[in-house]
Amino acid sequence: MKPLVSIVDLHVSFPGPVHAVRGISFDILPGERVALVGESGSGKSVTARTLVGLAGPTASVRVQRLVVDGHDTRDFTERHWRRLRGRGAGLVLQDALVSLDPLRTVGREIGEVLRTHDIGERRARPTRVTELLDAVHVPEPALRAKQYPHQLSGGLRQRALIASAIAADPPLLIADEPTTALDVTVQAQILRLLAERDGALLLVSHDLSVVSQLADRVLVMHDGRIVEQGPTARVLTAPEHRYTRTLLAAVPTAASRGKRLSTVERLPLPPRVVDTADVVLRADGVHKRFGTRHAVNDVSFTLARGETLGVVGESGSGKTTLARIALALTEPDGGTVRLGDVPWSGVRERLRRPHRRRIQSVAQDPLSSFDPRYTVEKIVGEPLPDADRRGRVVELLERVGLGVTFLRRRPRDLSGGQRQRVAIARALGPRPDVLVCDEPVSALDVSIQAQILDLLAEIQAADGTALLFISHDLGVVHHLADRVLVMKDGRVIERGPASRVLTSPTHEYTRELVAAVAR
Amino acid sequence: MTAVLKRLGGSVLVLWAAATAAYLALRLSPGDTVDTLVGDGPDTPQIRAAIIADLGLDKPAVVQYLTYLWRLLHGDLGRSYVLQRPVVDVIGGQVWPTVKLTLLASAFCVVIALGLAVLTAGRGRWLRGFVSGVELTVVSAPAFLIGILLLSLFSFRLGWFPVSGDRDAAALVLPALSLALPLGGLLSQVLREGLERALEEPFALTARARGLTSYAVVARHALRHALLPTVTLAGTLIGFMLSAAVVVERVFGRPGLGEVATEAVGNKDIPVVLAVVMLAAAVYVALSTLADLAYLLIDPRLRKEAAA
């Protein structure tokens, strides 16, 4: 069979100079589903975009052979590329909220492909758009076609985006992190939809579970090179290259509990002690309403010294509101919260302030919780007393694996993982009893996530800090948490030990969640 | 719909505030109100008596204020005691030439801004840098200087356009251009920045991946996004044009509000000055309300929030 895509020795570089892709070669056969896996900066997205000539105006592409849909693209002009885009290959990016034009209806966005490539009669196009939306299982397609992206749910939006990419029925679909911004159950639906299509698929993803569900063949990219490739089952179960093994070892699962993720050998983590008699945070029947919507509805929990309580649920389930109530940043409408022996809700801020140091927070995106003009020293030193502040800051930085050299750096100059380490150092400064972590690793690459999770476990073992750990990622929670609350529409629908809830769930919704990530 | 009504209600409030401020400025200015109103005009006991009767200066302050508002509401701006005519007549005769000038200047301004921004957004560094430099130059030059330069080139040297007056449409071109160039340059800079930001968004990449030409991506996608900040600025700038028009009208020797306003200031003809101020405020309010409404047209997301 003649390959649909054939690449030999592709190099892409950007001014800087950044050598993003360093001589990779691969083929995609018609109908084949190939996954490009790697972390941010590995060159996977650049490779995918080069296939449709959209690596960017500053990119310089050098290649021995680049055939897409039977065309040798090396002597392509812009006009040739335009004919190929949409018709020869469709592109789906992550997060349709910004990948579809927010100022145009989804119907117009889908119709644009037909119009650009002059497919079908002008008058027949609205009907065709409705058919396309129907084909990606959007209910009430005629109505949806007239709506704007912000009026659709995340899943419907992503379906509409896919409909626009396949409108001209291209033999190749390029999907760049197509499910990254979605909740797990929605993610599973989108993956099923992509699997339904007969044409070839180039899937770009950092998420190995997504890859395992969809791809026939996997190419692992690292620093612009393909370090390993082969059938999905083989690469994910018996990886040969050290990098692939590190990547796989870094994925938190039930099997990784109590082990280090950042080492291939999965060494054991230091043991920790949970003192169930010492409750450091307790919520009883907590309510919070916004308008008519119950963001948090009758939620109770206890958190013991040294314990990790995982809170899972999809976006809008009330997890973050619960975290804010725990931090006493949002006052609940009903119910009570106690921090150790101190009443924590329904009291004046003046009475809370002396105890605030006992509960600290680590957010998903630390960049927005840092003053960009502060140095790392000021950020970490802010909650500390004046006496020997610098010495204490250095000590904290060393604990989170950063050195003295970071004192003068500013948030912008740090990588995602370093920023999260600074956020943790800042939270540890006042020696808290409780750390509230709201999706602390969601924005990180899997290998960096592994290091941060290991760091949190070490801190917990050493200090006996309790963690209220909020995450949409069941794997992370299963790896880390002792007990789990599952939230949906503001309510706790299931609770119990992590090992029980996440392996044999009793509630219908939990079962659905667990099934969505089953691999 | 309620959002639209709210905005209109807000603009009425602003106009009322402007009217009150003008009234207070007149009342609280040092010296006798009658002296102020008479200004440098003829000063006879009859005129003084007429002013007191007209404004009801013998009545309590609240009644005076309400009467003033009531008259304003009916379009009665008072009387110029210097010119011995109602203010409405003084201004009414001169409004049209200025409006004509401002409208044409606005049209030029939009054409310049759109043309330059669309042609150069995201294009080669050389072209973009050159155009941007030219824009900066015209933005920083005052309108009258541009007017004088245009005059000396196109009227004195080439003789394409009349030097002064308001005889025909050709006489309008140069004044309108000298008003439009600096504002068009400024708008074009804002518009281009908006375009370039929009072109970097994922939806622009998605659009290009459908096979659109880069021009089509700009016209169908990026332009609407870039218009959002531009529309607000355009509303303010076109309001500003009115005051720039005053100077340009003098340079080109055109009739219009400019002449009225400068004469009135020179003669301390306070009622006319106040009327010009009120007119300017009304135009500003009208334009910014229009800009807000245009926002709703451009961005469907705001419509949703306004409805909620």
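Residues numbered from 1 in each chain as written. Chains lettered and ligands numbered in written order. Predicted model: local features only at pLDDT ≥ 70, side-chain atom pairs only at ≥ 80, totals over all residues. Heavy atoms only, no water.

**Topic: the overall build of chain B**
Turning to step 1, where the next piece is worked out: What chain B contains, in helices and strands, is 13 helices and 2 strands.
Turning to step 2, where the next piece is worked out: Buried residues in chain B amount to 41% of all 308 residues.
Turning to step 3, where the next piece is worked out: Considering only intrachain contacts with a sequence separation of at least 6, the fraction spanning at least 24 residues in chain B is 73%.
Turning to step 4, where the next piece is worked out: Within the structure as shown, chain B displays about 15700 Å² of accessible surface, and the carbon and sulfur contribution to it stands at 70%.
Turning to step 5, where the next piece is worked out: Counting 26 positive and 22 negative side-chain charges, chain B places the averaged centre of each group 11 Å from the other. (Helix = DSSP H or I, 4+ residues; strand = E, 2+ residues; numbered from the N terminus. Buried < 20%, exposed > 50% of the residue type's maximum accessible area, 1.4 Å probe, protein only. Contact = heavy atoms within 4.5 Å. Areas by Shrake-Rupley, 256 points an atom, 1.4 Å probe, with all protein chains shown as cover. Lys, Arg positive; Asp, Glu negative; His and termini not counted. Charge placed at Lys NZ, Arg CZ, Asp CG, Glu CD.)

**A few points about unusual backbone geometry**
Residues and elements named next belong to chain A.
Turning to step 1, where the next piece is worked out: Put simply, Gly16 and Pro17 share a cis peptide bond, and its omega is -5 degrees.
Turning to step 2, where the next piece is worked out: Turning to its location among the elements, Pro17 is positioned in the loop between strand E1 (5-14) and strand E2 (18-28).
Turning to step 3, where the next piece is worked out: The backbone of Asp223 sits at a positive phi, close to 50 degrees, despite the residue not being glycine.
Turning to step 4, where the next piece is worked out: Here Asp223 is to be found in the loop between strand E10 (217-222) and strand E11 (225-231).
Turning to step 5, where the next piece is worked out: With relative accessibility at 47%, the residue Asp223 sits in the partly exposed group.

**Looking at the interface of chain B and chain A**
Turning to step 1, where the next piece is worked out: At the junction of the two partners, chain B supplies 21 residues and chain A supplies 27 residues.
Turning to step 2, where the next piece is worked out: Summed over both sides, the interface between chain B and chain A buries roughly 2300 Å², with carbon and sulfur atoms accounting for 58% of that surface.
Turning to step 3, where the next piece is worked out: Contact with chain A buries surface across chain B, with B:Leu205, B:Arg210 and B:Arg220 losing the most and accounting together for 29% of the total.
Turning to step 4, where the next piece is worked out: Counting the contacts that link chain B with chain A gives 4 salt bridges.
Turning to step 5, where the next piece is worked out: The partner of B:Arg208 in a salt bridge is A:Glu78, with the nearest N and O atoms 2.9 Å apart.
Turning to step 6, where the next piece is worked out: Linking chain B with chain A are 13 residue pairs in polar contact (both at pLDDT 80 or more).
Turning to step 7, where the next piece is worked out: Sorting the residues of the side of chain B that touches chain A by element identifies helix H9 (202-209), helix H10 (214-251) and helix H13 (300-307) of chain B as the ones contributing at least two each.
Turning to step 8, where the next piece is worked out: Looking at the side of chain B that touches chain A element by element, the count peaks at 7 residues for H9(B). (Buried area = accessible area lost by both parts, 1.4 Å probe. Salt bridge = Lys/Arg side-chain N within 4 Å of Asp/Glu carboxyl O. Polar contact = N/O pair within 3.5 Å; in protein donor to acceptor, adjacent residues only side chain to side chain.)

**Let's talk about the domain arrangement of chain B**
Residues and elements named next belong to chain B.
Turning to step 1, where the next piece is worked out: When its domains are assigned, chain B resolves into domain 1 (15-87) and domain 2 (95-307).
Turning to step 2, where the next piece is worked out: On a C-alpha basis, the centres of domain 1 and domain 2 stand 36 Å from each other.
Turning to step 3, where the next piece is worked out: Facing the 17 residues of domain 1 at the interface are 13 residues of domain 2.
Turning to step 4, where the next piece is worked out: Both sides of the domain 1 and domain 2 interface together cover about 1200 Å² of buried area, and 77% of this is carbon and sulfur.
Turning to step 5, where the next piece is worked out: Applying the counting rule to domain 1 against domain 2 returns 0 salt bridges.
Turning to step 6, where the next piece is worked out: If you look at where domain 1 meets domain 2, you find 0 residue pairs in polar contact (both at pLDDT 80 or more).
Turning to step 7, where the next piece is worked out: Put simply, the parts of the chain that give the side of domain 1 that touches domain 2 at least two residues each are helix H1 (2-28), helix H2 (33-38) and strand E1 (79-80).
Turning to step 8, where the next piece is worked out: Broken down by element, the side of domain 1 that touches domain 2 gets its largest block of residues, 5 residues, from H1. (Domains from an automatic or database assignment.)

**Section: empty space enclosed by the protein**
Turning to step 1, where the next piece is worked out: Going through the model one piece at a time under the given rule, you end up with 4 cavities of 30 Å³ or more.
Turning to step 2, where the next piece is worked out: For the second largest cavity, the calculated volume is near 50 Å³.
Turning to step 3, where the next piece is worked out: In terms of lining residues, the second largest cavity is bounded by A:Gly86, A:Gly90, A:Leu91, A:Val113, A:Ser164, A:Ala165, B:Thr206, B:Ala209 and B:Arg210.
Turning to step 4, where the next piece is worked out: Contributions of two or more residues to the lining of the second largest cavity are made by strand E7 (89-92) and helix H7 (154-165) of chain A together with H9 of chain B.
Turning to step 5, where the next piece is worked out: Among the residues forming the lining of the second largest cavity, the class breakdown is 4 nonpolar, 4 polar and 1 charged. (1 Å grid on protein atoms, 1.4 Å probe; cavity = no way out; pocket = protein on both sides within 12 Å on 5 of 7 lines; lining within 4 Å. Points joined across faces, edges and corners; volume = space filled by probe spheres on them. Nonpolar A, V, L, I, M, F, W, Y, C, P; charged D, E, K, R; others polar.)

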